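Each chain, letter by letter, is given below.
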Amino acid sequence: LEEATFEWLPGANSPAKGAEVLASSYRGSFPLLWTAERGKGRLLFWNWDGFETGDFQGFILESFLFVRPVGIAATAGIGIMFIDDWPLPMYNIKKKPLNITDTEFYYRVFWPDIKSFFAKRNIPFTSFLIFNYSGTTTPPFTGGEFFVAEGQASLKIAREILESPQELALHGFNHMSLTEKKTKMNPHRWPSKPVMKEGPMAARRQWIDLFGEYSLPFAYAAPNNIISDLGMAALKEVFPSIKVVSTLRSGMGEETHTEFAPHHTIKDLYLIPRTSSGYLFTRENRQLIISSITGAGIWSHFFHPDDVFDEHRSQGMTWPELKKDFARMLDFVKRHYPWLEYVSIR
C-alpha cells in the first residue's frame, strides 16, 4: 500500500513476535496487515480503519484468499467503461503538446483509435456527451460551442454513436455540477431547484432537436463527480428516461461518492459509481481495480478524450504512450480476472 495520496488510518494494535507483516502504511510507518501461525491454522489481522472507504473493501476478500487454499464468493463479475465529456465541443485550435488542432486529434486520431481499441477487445462503452463549457447557473441557457468544430465533428460523432451498438449518455448541458452547495470546484451554485432544472431542460431541448425524443439518454455522469440529492431529483424530473447516475465509489474532498445501489429516496434511479480512472496503469489504479473487482465485483472505469492535453492526467505521456499503458491495464485485468464480463451501462 504505497500510494501517498491516500490517508492510511492504522489501528492501535501491533503484531506479535514472529508475525509476518504483509502491508504497511505509506513509507512503512505503521503495520496494517499481518499473518501468524496459531496451532494448526493461520490468522490474518487487519489493523486498518480504511475499510470505511468503499474502494478498498475488496482487500478483505483478497486477504481471505491469501490464507485459504480456495475461496468462493458471490460476485457481479462485470466491467463497465465510461468516456466522460464525449463527444465534446471542439474549437479548431492547436494546443500543446500536439501540432494538430484539437478537432483533428479528436476526430481523426482519438475517435478511430478508441473504437478500434475496444472493438479488438470486444468491450462495449458508454459516451457521456457535454454540449458546452459555459460556466453559468443563470438562465437563459444558450450556447453554440457544440457546433464550432470543423465539419460539425462533434455532432457527427454523437450521431455515429447513436447508430452503433454503443451507448450515448449525458454529462450535462454545461459542465456545472447539479448542486445547491458552493464548492471549490463548483463556485457557481444553483440558487434553487426550479433554476437548477433549467440546465437539464436546456440539454433536453438540445438533445431532442439534434437526435430525436426516442433517443433520450439512459444514464448521466455528474460533472466534476459532484451532484446533490436535490440535483438528482431535478435531473430525474426533467429526464424520466435517466435510470442511472454515476459519480465515484470513493470520493476525495468535495466529490460525491456512493455505493452501487438504488437511490434511497428517488424512485427508479440507480447509482453506479466509478472505481478508477484514466489511462495510466499506476499502483493506485491497480489497487483500486483489484479491490473493486474482488469487493463489489464491478470494475467501472472512466477516462477523458482531452487527457493528453492535461499534464497532471497524462503525466507528460503522448497519446500512443497513454494507449499503451491503458492496454497494460486491460491486459492485467484479463490475465487475473478472466471471468469478468464487460457490459454497457444499460
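Let me begin by describing the structure that accompanies this report. Given the structure is predicted, the values throughout are model-derived calculations rather than measurements.

1. Section: the overall build of the protein chain
In terms of helices and strands, the protein chain carries eight helices and 13 strands. A compact globule built from 346 residues would reach a C-alpha radius of gyration of about 20 Å, and the protein chain, at 22 Å, matches this within 12%. Across its three principal directions, the C-alpha atoms of the protein chain cover 70 × 45 × 35 Å. Within the protein chain, the fraction of its 346 residues that count as buried is 50%. Taking all contacts inside the protein chain whose residues are at least 6 apart in sequence as the whole, residues at least 24 apart take part in 70%. Carbon and sulfur atoms make up 53% of the accessible area of the protein chain, which amounts to about 16700 Å² in all. Charge separation in the protein chain, taken as the distance between the mean sites of 37 positive and 38 negative side-chain charges, equals 3 Å.

2. Observations concerning the pattern of salt bridges
Summed over the entire model, instances satisfying the criterion amount to 15 salt bridges. Residues Asp268 and Lys236 are paired through a salt bridge, measuring 3.7 Å at the closest nitrogen-oxygen approach. Linking Asp268 in the loop between β9 (261–262) and β10 (270–271) with Lys236 in helix α5 (residues 229–238), this pair joins segments that are 32 residues apart in sequence. Classification of Asp268 by relative accessible area gives partly exposed; the value is 45%. Given the relative accessible area of 13%, Lys236 is considered buried. One salt bridge in this structure joins Asp325 and Arg328, with 2.5 Å as the shortest N-O distance.

3. Side note on helix α6 (residues 283–294)
Look at α6: 17 Å from first C-alpha to last across twelve residues, which is about the 16 Å you get at 1.5 Å a residue. With nine of twelve residues buried, α6 lies mostly within the body of the structure. Asn285, Gln287, Leu288, Ile289, Ile290, Ser291, Ser292, Ile293 and Thr294 are the residues of α6 that are buried. On the buried face of α6, the contacting elements are α1 (58–67), β11 (276–277), β12 (298–303) and α8 (319–336).

4. Some points on the pairing of strand β5 (residues 126–130)
The buried count for β5 comes to five of five residues, which makes it a mostly enclosed element. Of the two faces of β5, the one lined by Thr126, Phe128 and Ile130 and the one lined by Ser127 and Leu129 are each fully buried. Between the parallel elements strand β4 (residues 78–84) and β5, the chain passes through helix α2 (residues 102–120) in a crossover that is right-handed. The handedness of the β5 to strand β6 (residues 167–172) crossover, carried by helix α3 (residues 153–162), is right-handed.

5. A closer look at the sheet that holds strand β3 (residues 41–46)
Ordered in space as β1-β2-β3, the three strands form an open sheet in which the pairing is antiparallel. Edge positions in the sheet fall to β1 (20–24) and β3, since each of these pairs with one other strand and no more. If you compare each strand with its neighbour and ignore which way they point, the axes differ by 15° on average. Here β1 pairs with strand β2 (residues 31–38) via four bridges, running antiparallel.

6. Some remarks on α5
Counting buried positions along α5 yields seven of ten residues, so the element is predominantly enclosed. The inward-facing, buried residues of α5 abut α4 (193–211), β7 (219–221), β8 (244–246) and β10.

7. Topic: the packing of α1 against α6
Two elements in contact, α1 and α6, have axes separated by 7 Å at closest approach and are oriented at 80°. When the interaxial angle is binned, α1 and α6 end up roughly perpendicular. Across the interface between the two elements, Gly58, Phe59, Leu61 and Glu62 of α1 pack against Gln287, Ile290, Ser291 and Thr294 of α6. Of the residues contributing to the contact of α1 with α6, the split by class is three nonpolar, four polar and one charged.

8. Comments concerning the environment of Glu259
Note that Glu259 resides in the loop between β8 and β9. A relative accessible area of 39% places Glu259 in the partly exposed class. For Glu259 and Leu271, which are twelve residues apart along the polypeptide, the C-alpha to C-alpha distance reads 7.0 Å. Reaching out from Glu259, the side chain makes a polar contact with the side chain of Arg249 at a distance of 3.0 Å.

9. What to know about the packing of α6 against α8
Following both chains from N to C, one finds α6 and α8 inclined at 35°, their axes separated by 11 Å at the closest point. Regarding α6 and α8, the two cross each other, and that crossing is right-handed. Each of Asn285, Arg286, Ile289, Ile290 and Ile293 in α6 lies in contact with α8, whose residues at this interface are Met329, Phe332 and Val333. Across the contact of α6 with α8, the residue classes tally to six nonpolar, one polar and one charged.

10. Brief notes about the nonpolar core
Counting 82 residues, the largest nonpolar core has Trp86, Phe118, Phe131 and Trp299 as the members making the most contacts within it. In this structure Phe118 touches Met81, Ile123, Phe125, Phe303, Phe326 and Leu330, once residues within four positions along its chain are discounted.

The rules behind these values
Residues numbered from 1 in each chain as written. Predicted model: local features only at pLDDT ≥ 70, side-chain atom pairs only at ≥ 80, totals over all residues. Heavy atoms only, no water. Helix = DSSP H or I, 4+ residues; strand = E, 2+ residues; numbered from the N terminus. Rg over C-alpha atoms; globule rule 2.2 N^0.38 Å. Buried < 20%, exposed > 50% of the residue type's maximum accessible area, 1.4 Å probe, protein only. Contact = heavy atoms within 4.5 Å. Areas by Shrake-Rupley, 256 points an atom, 1.4 Å probe, with all protein chains shown as cover. Lys, Arg positive; Asp, Glu negative; His and termini not counted. Charge placed at Lys NZ, Arg CZ, Asp CG, Glu CD. Salt bridge = Lys/Arg side-chain N within 4 Å of Asp/Glu carboxyl O. Expected span 1.5 Å × (residues − 1). Right-handed = clockwise from strand over helix to strand, strands pointing away. Pairing = 2+ DSSP bridges. Axes fitted to C-alpha atoms, helices over the stretch in contact; angles between N-to-C directions. Parallel < 35°, antiparallel > 145°, perpendicular 65-115°, else oblique. Nonpolar A, V, L, I, M, F, W, Y, C, P; charged D, E, K, R; others polar. Polar contact = N/O pair within 3.5 Å; in protein donor to acceptor, adjacent residues only side chain to side chain. Left-handed = near helix turned anticlockwise from the far one by under 90°. Core = buried A, V, L, I, M, F, W, Y, C linked by side-chain atoms within 4.5 Å.

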